[in-house]
Protein chains: 2
Amino acid sequence: MNSFVTLRDVGLRDGLQSIPSILPTARKFEWIDAAYAAGVHQMEVGSFVPAHLMPQLADTWDVVVHAKRHEHLQTTVLVPNLKGAERAIESGANALLLPISASAEHSAANVKKTPDQMLETVAAIATARSAAGSKITIDIGISTAFGCTIQGDVPESEVVRIAKAAVAAGADEIGLADTVGYADPAQVKRLISKVQDAVGARCRTGHFHDTRGLALANTVAALDVGIRYFDASLGGIGGCPHAPGASGNVSTEDVVYLLDRMGFETGIDLSQLLALRKKVAEWLSGEQFNGSIWRAGVPKSSSVFA
Amino acid sequence: MNSFVTLRDVGLRDGLQSIPSILPTARKFEWIDAAYAAGVHQMEVGSFVPAHLMPQLADTWDVVVHAKRHEHLQTTVLVPNLKGAERAIESGANALLLPISASAEHSAANVKKTPDQMLETVAAIATARSAAGSKITIDIGISTAFGCTIQGDVPESEVVRIAKAAVAAGADEIGLADTVGYADPAQVKRLISKVQDAVGARCRTGHFHDTRGLALANTVAALDVGIRYFDASLGGIGGCPHAPGASGNVSTEDVVYLLDRMGFETGIDLSQLLALRKKVAEWLSGEQFNGSIWRAGVPKSSSVFA
């Protein structure tokens, strides 16, 4: 059993896009530098969408350029379409993340496209990558994979179908996102196993929200079926526009604590991460932060932390 | 795999003893009646300790008498010693819960006794039960079983030793309590399995605190190794005097939601439980309540909740 687990911090994109505060670019640089120093070597740093739609992420190009200074940092940017993907390729980001909603109703409401239209975009992006001679990773995040606040249940067969079609269209990696916090551990094991059966190790990423308190339980369920790559957001910021006051993204600190405690390795120093969380909470004073370990602190004299 | 899971709500004891508010006896009756109507058929309703030490629970006798009106309600009372156990036997409670701390330092600080002295108390209680012709269940809660804020690590061998000795002394049921929220899912599976090897099905109860966000993940781990009986506290009240602001007892609503969602049966109606939580939160206005599902609400049109 592989004991190394990779975490991708999505706070700079998924976190910041969900809150009204606009973090100055220099602060984002500081965040990246400190997270990297703490051992976070995968970060989603922004999104190539029109600046007027998402002013919080208007500086994504500069943020990617800064992130590239760190030799071992794998930089992901979210893109909603081919145009965004072309910018991502040009920027030198290591990976682009294209979300495809498994809920037809969520997809229509969110991007005014069907899942099949998004799958056509995957193929177009793969063609653009080849044309540019780029090696950028095409990462597909299947959102609402475990259920949808608009549609309700999402058929597991549809998630499997999208995963298979995305890989056939040129996707390198598949992630399953519990966008609205509906997943439970039994469902996580079942659905991930089905997607693994369909696309093998390309089913890479678990992206869990803590909206109903189950993000860490779902993380353990995913570990149980072999997942070793997770998204999480520093301070648990962002990710829950639909349930005001509820948690959204699981906090990176809590996932690191869980993994440390269970004997997995992450390469991340929890105390440095907690120091960064404190700093970011000061920068974003007034915004909602989530998570548990920052408040309670790590256990006394555990063998893990000794 | 047995799909029925029993929950014991400990809010009336573990919850109320940790907060300064004193809930009037009539409100406790109302709480019991509403929880029973919601399907909660196991409750820890008070503690037989000197009233001046714990004025919140001074009415325990009356509360037990009231609880006994409900035919299928199994009433547990906490007792710290033989004297308390004699009161419990006399009161007609169905079970008495004697905590034994697996951390020698916690035991000394908390009850000024060693674990071995507490084991002698188990034998004395068993003798008193026989003498009284009582059928009261002797339930041992091994506290700090997963670690201790004073001592740090607690040897698993000591937990196993206490469980075995308690059963030999006359205990009917053993629970493992993560009193300070140190447990992780890997440890939960490992330690429970060891205690099951030592005392079989008498290793009954999982009692998890959410201090570091892992109570539900630990619950799933315990389910995985066959545990089907859990403590939880309505509204997540109480249980964390050592980390101000942090969660303590896992909230009953969250555990019911988890189990419903995973396909287990509890006999508990979540919406009725949430209505009671709201009422108790009004009664105890100003006290800290915890948990997630009350805020986010249950998922839309899930097969479980349809």
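Residues numbered from 1 in each chain as written. Chains lettered and ligands numbered in written order. Predicted model: local features only at pLDDT ≥ 70, side-chain atom pairs only at ≥ 80, totals over all residues.

Things to note about the nonpolar core
Counting residues in each nonpolar core, the largest one holds 192 residues, and the members touching the most others are I142, V159, A163 and A166 of chain A together with I142, A163 and A166 of chain B. For A163 of chain B, the contacting residues outside a window of four places in its chain are I142, I174, V195, A198, V199 and C203 of chain B. (Core = buried A, V, L, I, M, F, W, Y, C linked by C-beta atoms within 7 Å. Buried ≥ 20, exposed ≤ 12 C-beta atoms within 10 Å, placed from the backbone. Contact = placed C-beta atoms within 7 Å.)

Brief notes about the pairing of strand β8 (residues 229-232) of chain B
All names here are of chain B. Across four bridges, the pairing between strand β1 (residues 6-9) and β8 is parallel. What sits directly across from T6, in β8, is Y229. Note that strand β7 (residues 203-208) and β8 share three bridges and pair parallel. When the bridges of β8 are listed, G206 appears paired with F230. In this view, the connection linking β7 to its parallel neighbour β8 by way of helix α9 (residues 215-224) has right-handed handedness. (Pairing = 2+ DSSP bridges. Helix = DSSP H or I, 4+ residues; strand = E, 2+ residues; numbered from the N terminus. Right-handed = clockwise from strand over helix to strand, strands pointing away.)

Remarks on the interface of chain A and chain B
Taken together, the contact between chain A and chain B spans 36 residues of the former and 36 residues of the latter. Looking at the side of chain A that touches chain B, the elements that each hand over two or more residues are α8 (185-199), α9 (215-224), α10 (252-262) and α12 (293-296) of chain A. A class-by-class count of the residues in the side of chain A that touches chain B yields 15 nonpolar, 14 polar and seven charged. (Nonpolar A, V, L, I, M, F, W, Y, C, P; charged D, E, K, R; others polar.)

Some details on unusual backbone geometry
Residues and elements named next belong to chain A. Although it is not a glycine, T144 sits at a positive phi angle of roughly 50 degrees. Tracing the chain through its elements places T144 in the loop between β5 (137-143) and α7 (156-168). On the neighbour-count criterion, T144 (27 C-beta atoms within 10 Å) is buried.

Re the relation of the copies chain A and chain B
When chain A is fitted to chain B, the residual RMSD is 0.0 Å, and the transformation amounts to a turn of 180 degrees plus an axial shift of 0.0 Å. The transformation relating the two chain copies, once decomposed into turn and shift, fits a two-fold axis. Taking C-alpha positions as reference, the residue of chain A nearest the rotation axis is A217 of chain A, located at 1.9 Å. Most of the interface of chain A is mirrored in chain B: 100% of its interface residues are interface residues there too. (Least-squares fit on C-alpha atoms with pLDDT ≥ 70 in both.)

So, the confidence of the model for chain A
In the predicted model, chain A carries a mean pLDDT of 95, and the fraction of residues at 70 or more is 97%. Note on the complex model: pTM 0.96, ipTM 0.94. (pLDDT = per-residue confidence, 0-100.)

With respect to the packing of α8 of chain A against α9 of chain A
Residues and elements named next belong to chain A. Closest axis-to-axis distance for the α8/α9 pair is 8 Å, and the angle between their directions is 35 degrees. Handedness of the crossing formed by α8 with α9: right-handed. Across the interface between the two elements, P185, V188, K189 and I192 from α8 touch A217, N218, A221, A222 and D224 from α9. Its residues assigned to classes, the contact of α8 with α9 comprises six nonpolar, one polar and two charged. (Axes fitted to C-alpha atoms, helices over the stretch in contact; angles between N-to-C directions. Left-handed = near helix turned anticlockwise from the far one by under 90°.)

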